[in-house]
Amino acid sequence: MNLHEYQSKRVFARYGIPVPSGEVATTPSEVRDIAVRLGGPVVVKSQVLVGGRGKAGGIKLARTPDEAEQRADEILGMKIKGLTVKKVLVDPAADIRKEIYLGAVLDRASRRIVLMASSEGGVDIEEVAAQTPEKIVKVAAHPFLGLRPHHARILADGIGLPKELINDFIKISQGLYQAFVSTDASLAEINPLVITGENKLLALDGKISVDDNALFRHPELAEMRDPDEEDASEREAHRYGLSYIHLDGEIGCMVNGAGLAMATMDIVKLYGGEPANFLDIGGGAQSDKVAAALRIILSDSRVKAVLINIFGGITRCDEVARGVLEAIGTLDGRVPFVVRLVGTNEEEGRQILAEANLITATSLADAAQKAVAAAKGELQ
Amino acid sequence: MSILVGKETRLLVQGITGREGAFHTKQMIDYGTQVVAGVTPGKGGEWAFGNIPIFDTVSEAVHATGANTSVIFVPARFAADAIIEAAEASIELVVCITEGIPVLDMVQVRAYLDTTHTRLIGPNCPGLITPGEAKVGIIPGHIMTRGNVGVVSRSGTLTYEVVYALTQRGIGQTTAVGIGGDPINGTSFLDVLQMFEEDPETEQVILIGEIGGTDEQKAAEYIASRMSKPVTAFIAGQTAPPGRRMGHAGAIISGGEGTAAEKIAALTRAGAKVARHPDEIADLVASHLR
């Protein structure tokens, strides 16, 4: 789950990282009021969970409250990469002398939280990493020791930070590490961290991605989830604890297990079809979850056939079969179903489905070929 | 021979009274696994399935029963602690089935395990099975048959798919190991490949990987430089869009890294045969049989 810029900066402020004293608004008149309160020039920043807001015209400078209101009127309601802007952050405009990058990520290979800094701030760090990797300095923190002052000094040295800012930089680096750990983040970045005209460090933009698996212990973060930012069917799937990703094909796939779900998509493609989705019903799914999964798949009008591929381990084929029956009972039979059940309680599952008029398959290749044919109307 | 689990396995089940724990304990017993104890805090002194003693803590269970392997079915929020408790009680092999453990918990767990002699398999894995000897986890026993192929995989159900196809063609397995789909786990492809290379009964190996991370690329380096036994591989996620987490917490292409294409290329360069789809794996394995 990704936090908005304003949410991320509020978290940063809690860990002692200096951020602009901005406020959030949903209407142009609120923006005007905030600009009056802040006094002086402001920046009106769209709050949507995509990159490239500036390039899309979603971030604008305003010198007066009138101008701020006008800019907000332009930005609120605009679409950026398919998402409608419903909120803006109004920050006092900063006097920027230099932009740097400071980020924390979980590095899988070293199994450590790694802090990265670069003298090239304000741009996409992945581009810097690809084109000028020597401009990125990294340090890894041992989980039992945390981020130590010398780690931050290594970063400061590596990016040529002015000496008089090093103590503040250490506080900000340790604050970022603390914010990362305390929010169970998988990514926390300040981009840019700027050196202002008064020679102070200020976190001008922020981004935090939180590990979904840890949300149970962060109710305050879970509440920050912005449903407007998610695909409607993905949101519905989330409610049922299903792992669903919407794609553009015509064959709906319902599978248990992420690896098998990916392999099922791959083989559909290999036999000339296009998968409409990734959907893993997870381990041990009950019939109601299976029925919900099928409803979500069929809510996509492009779906022309459904491929159900279950290899039971912790998932029991009889539970899946009951869910399929339940779903078929409530849905119109507009598309053919190809079903393959193998593994735990497979006999019971097959018996439950014997009465329903479904296309059955034995192997994965057989199931994929039948689903592709069914989607083309060649198999009923 | 085989690897990691076998007749000498004395199994403890953490979370033996839960819905999944109880169901799969029954399956493991029916398969012939020596299940010697269960742990459920608050239920110490009770019995499971008539003759399996339940304890409140792992250390009590180990002292009373000599358990040397543990399998964990506890909910995600308690699972990291369950792993640490097992390691503190000097369990040699801990197999964590639980899915959804916060990744920073695993950072701590893995750093702690590196200071102990405990090996962790998983989390978010189906466990492992040595056909005819022991099943630790949730892999359906009836799809396995004893033979000479070692199987290691990041996926659960995809492993069943492949093993089932092998068994149907009369090709048996030494041990099948599911290492799990999380970004930080206890045992890597490389670790298991080394064990199979050293196991005299294993004649060839199947590696089933997926998008995300670089574990398969590290395995490829080992295959190229040290492995004498043939390897057949499959990588899931060729149609996965970048930047999206494909179910498994670890299955994500980020920053252009961890694509199926780069893993397939690394494994092919290393001399492994890479299947285009799961059903093809058995054909490639058969081609290596003498």
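1. Thoughts on the overall build of chain B
Secondary structure assignment for chain B yields nine helices and 14 strands. By the compact-globule yardstick of 19 Å for 290 residues, chain B fits well, its C-alpha radius of gyration being 18 Å. In terms of overall dimensions, chain B has a C-alpha envelope of 55 × 45 × 30 Å along the principal axes. Residues classed as buried in chain B amount to 66% of the 290 residues present. Considering only intrachain contacts with a sequence separation of at least 6, the fraction spanning at least 24 residues in chain B is 73%. When the accessible surface of chain B is totalled, it reaches about 10,100 Å², and 50% of it is carbon and sulfur.

2. Considering the sheet that holds strand β14 (residues 273-274) of chain B
All names here are of chain B. Here seven strands make up an open sheet; going across it, the order is β9-β8-β11-β10-β12-β13-β14 and the pairing mixed. Taken across any chain shown, the strands that pair with only one partner, and hence form the sheet edges, are β9 (134-137) and β14. Looking at chain direction, strand β13 (residues 231-236) and β14 are connected through two bridges and run parallel. Its bridge partner being in β14, T232 is matched across the sheet by K273.

3. As for the environment of S301 of chain A
Residues and elements named next belong to chain A. In this fold, S301 is placed in the loop between α10 (287-298) and β17 (305-312). Residue classification places S301 among the exposed positions, given a relative accessible area of 66%. For the pair S301 and E250, spaced 51 residues apart in sequence, the C-alpha to C-alpha distance is 8.8 Å.

4. Some remarks on unusual backbone geometry
Here the bond from N191 of chain A into P192 of chain A is cis, since omega is 10°, no more than 30 degrees from zero. Put simply, G122 of chain B and P123 of chain B share a cis peptide bond, and its omega is 10°. Mapped onto the elements of the fold, P123 of chain B is located in the loop between β7 (119-121) and β8 (127-130). Positive phi is not limited to glycine here, since K81 of chain A has a value of about 45°. Note on placement: K81 of chain A falls in the loop between β5 (79-80) and β6 (83-84).

5. Digging into the sheet that holds strand β5 (residues 69-72) of chain B
Spatially, β3-β4-β2-β1-β5-β6-β7 (chain B) is the arrangement adopted by the seven strands of the open sheet, whose pairing is mixed. Each end of this open sheet is capped by a strand with a single partner; those strands are β3 (47-48) and β7 of chain B.

6. Digging into the packing of helix α3 (residues 76-88) of chain B against helix α4 (residues 103-113) of chain B
All names here are of chain B. The N-to-C vectors of α3 and α4 enclose an angle of 10°; their axes lie 10 Å apart at closest approach. Relative to α4, α3 is oriented roughly parallel. Contacts from A80, I83, I84, A87 and E88 of α3 reach α4 at D105, M106, V109, Y112 and L113. Across the contact of α3 with α4, the residue classes break down as eight nonpolar, no polar and two charged.

7. Brief notes about the nonpolar core
Within the largest apolar cluster, 104 residues are counted, with the highest numbers of intra-cluster contacts made by V71, V95, V152, L193, I206, L207 and M246 of chain B. When residues of this core are assigned to domains, at least three map to each of domain 1 (10-121) and domain 2 (139-287) of chain B. Of all hydrophobic cores here, the second largest spans 72 residues; its members include I166 and L215 of chain A together with A61 and V107 of chain B.

8. Regarding the state of the cysteines
Residue and element names in this part refer to chain B. Evaluated as defined, the whole model comprises zero disulfides over all chains. C96 provides the cysteine sulfur closest to C125, a residue in no disulfide bond, and the two sulfurs are 7.1 Å apart. With relative accessibility at 4%, the residue C125 sits in the buried group.

9. A look at helix α7 (residues 215-225) of chain B
Of all the residues in α7 of chain B, the buried ones are D215, E216, Q217, A219, A220, Y222 and I223 of chain B. Summarising the contacts, the buried residues of α7 of chain B are in contact with α6 (189-198), β12 (204-210), β13 and α8 (260-269) of chain B.

10. A closer look at the interface of chain B and chain A
With 58 residues of chain B in contact, the opposing surface of chain A contributes 54 residues. Roughly 4,500 Å² of surface becomes buried between chain B and chain A when both sides are summed, with 61% attributable to carbon and sulfur atoms. Our count for the chain B to chain A interface comes out at four salt bridges. Measuring nitrogen to oxygen at the nearest pair gives 2.8 Å for the salt bridge that ties R217 of chain A to D105 of chain B. Where chain B touches chain A, the interface holds ten residue pairs in polar contact (both at pLDDT 80 or more). Elements represented by at least two residues in the side of chain B that touches chain A include exactly α1 (19-31), α4, α5 (157-168), β13 and α9 (278-288) of chain B. The element that contributes the greatest number of residues to the side of chain B that touches chain A is α4 of chain B, accounting for eight residues.

11. Some points on the pattern of salt bridges
Overall, the coordinates contain 37 salt bridges over all chains when judged by the stated rule. Among the ionic pairs, D191 of chain B bridges to R119 of chain B, the shortest N-O distance being 3.7 Å. You can see D191 of chain B sitting in helix α6 and its partner R119 of chain B sitting in strand β7, a full 72 residues away along the chain. Of the charged contacts in the structure, one is a salt bridge between R146 of chain B and E201 of chain B, with a shortest N-O distance of 3.1 Å. Here R146 of chain B, found in strand β10 (residues 146-153), pairs with E201 of chain B, found in the loop between α6 and β12; they are 55 residues apart in sequence, far enough to count as distant. The exposure class assigned to E201 of chain B is buried, which follows from its relative accessible area of 19%. Residues joined in a network through salt bridges with shared partners are E5, K9, K45, R53, D91 and D205 of chain A.

12. Some points on the side chain of T157 of chain B
Secondary-structure assignment places T157 of chain B in helix α5. We classify T157 of chain B as buried; its relative accessible area is 7%. There is a polar contact of 2.8 Å between the side chain of T157 of chain B and the backbone oxygen of N256 of chain A. Ignoring any residue separated from it by four or fewer positions in sequence, one finds T157 of chain B in contact with N256, G257, L260 and F311 of chain A.

13. Regarding the domain arrangement of chain B
Residue and element names in this part refer to chain B. Partitioning chain B into domains gives domain 1 (10-121) and domain 2 (139-287). Look at where the C-alpha atoms of domain 1 and domain 2 centre, and you get two points 26 Å apart. Counting residues at the interface gives nine residues for domain 1, matched by 13 residues for domain 2. Across the domain 1/domain 2 interface, buried area totals approximately 920 Å², and carbon plus sulfur atoms make up 58% of it. Inspection of the domain 1/domain 2 interface yields three residue pairs in polar contact (both at pLDDT 80 or more).

14. With respect to the packing of aromatic side chains
Tallied over the entire structure, the rule returns two aromatic pairs over all chains. Each ring, one from F311 of chain A and one from Y164 of chain B, has its centre 5.5 Å from the other, and the planes form 80°; the classification is edge-to-face. Here F311 of chain A is found in strand β17, whereas its partner Y164 of chain B is found in helix α5 on a different chain. Per residue, the accessibility class of F311 of chain A equals that of Y164 of chain B, and both read buried. By way of ring pairs, the aromatic residues F311 of chain A together with Y160 and Y164 of chain B are connected into one cluster. For R316 of chain A, the ring lying beneath its charged end belongs to F23 of chain B, and the centroid distance is 3.9 Å.

About the thresholds
Residues numbered from 1 in each chain as written. Chains lettered and ligands numbered in written order. Predicted model: local features only at pLDDT ≥ 70, side-chain atom pairs only at ≥ 80, totals over all residues. Heavy atoms only, no water. Helix = DSSP H or I, 4+ residues; strand = E, 2+ residues; numbered from the N terminus. Rg over C-alpha atoms; globule rule 2.2 N^0.38 Å. Buried < 20%, exposed > 50% of the residue type's maximum accessible area, 1.4 Å probe, protein only. Contact = heavy atoms within 4.5 Å. Areas by Shrake-Rupley, 256 points an atom, 1.4 Å probe, with all protein chains shown as cover. Pairing = 2+ DSSP bridges. Axes fitted to C-alpha atoms, helices over the stretch in contact; angles between N-to-C directions. Parallel < 35°, antiparallel > 145°, perpendicular 65-115°, else oblique. Nonpolar A, V, L, I, M, F, W, Y, C, P; charged D, E, K, R; others polar. Core = buried A, V, L, I, M, F, W, Y, C linked by side-chain atoms within 4.5 Å. Domains from an automatic or database assignment. Disulfide = S-S within 2.5 Å. Buried area = accessible area lost by both parts, 1.4 Å probe. Salt bridge = Lys/Arg side-chain N within 4 Å of Asp/Glu carboxyl O. Polar contact = N/O pair within 3.5 Å; in protein donor to acceptor, adjacent residues only side chain to side chain. Phe/Tyr/Trp six-rings, centres within 6.5 Å; stacked < 30°, edge-to-face > 60°. Lys NZ or Arg CZ within 6 Å of the ring centre and 35° of its normal.

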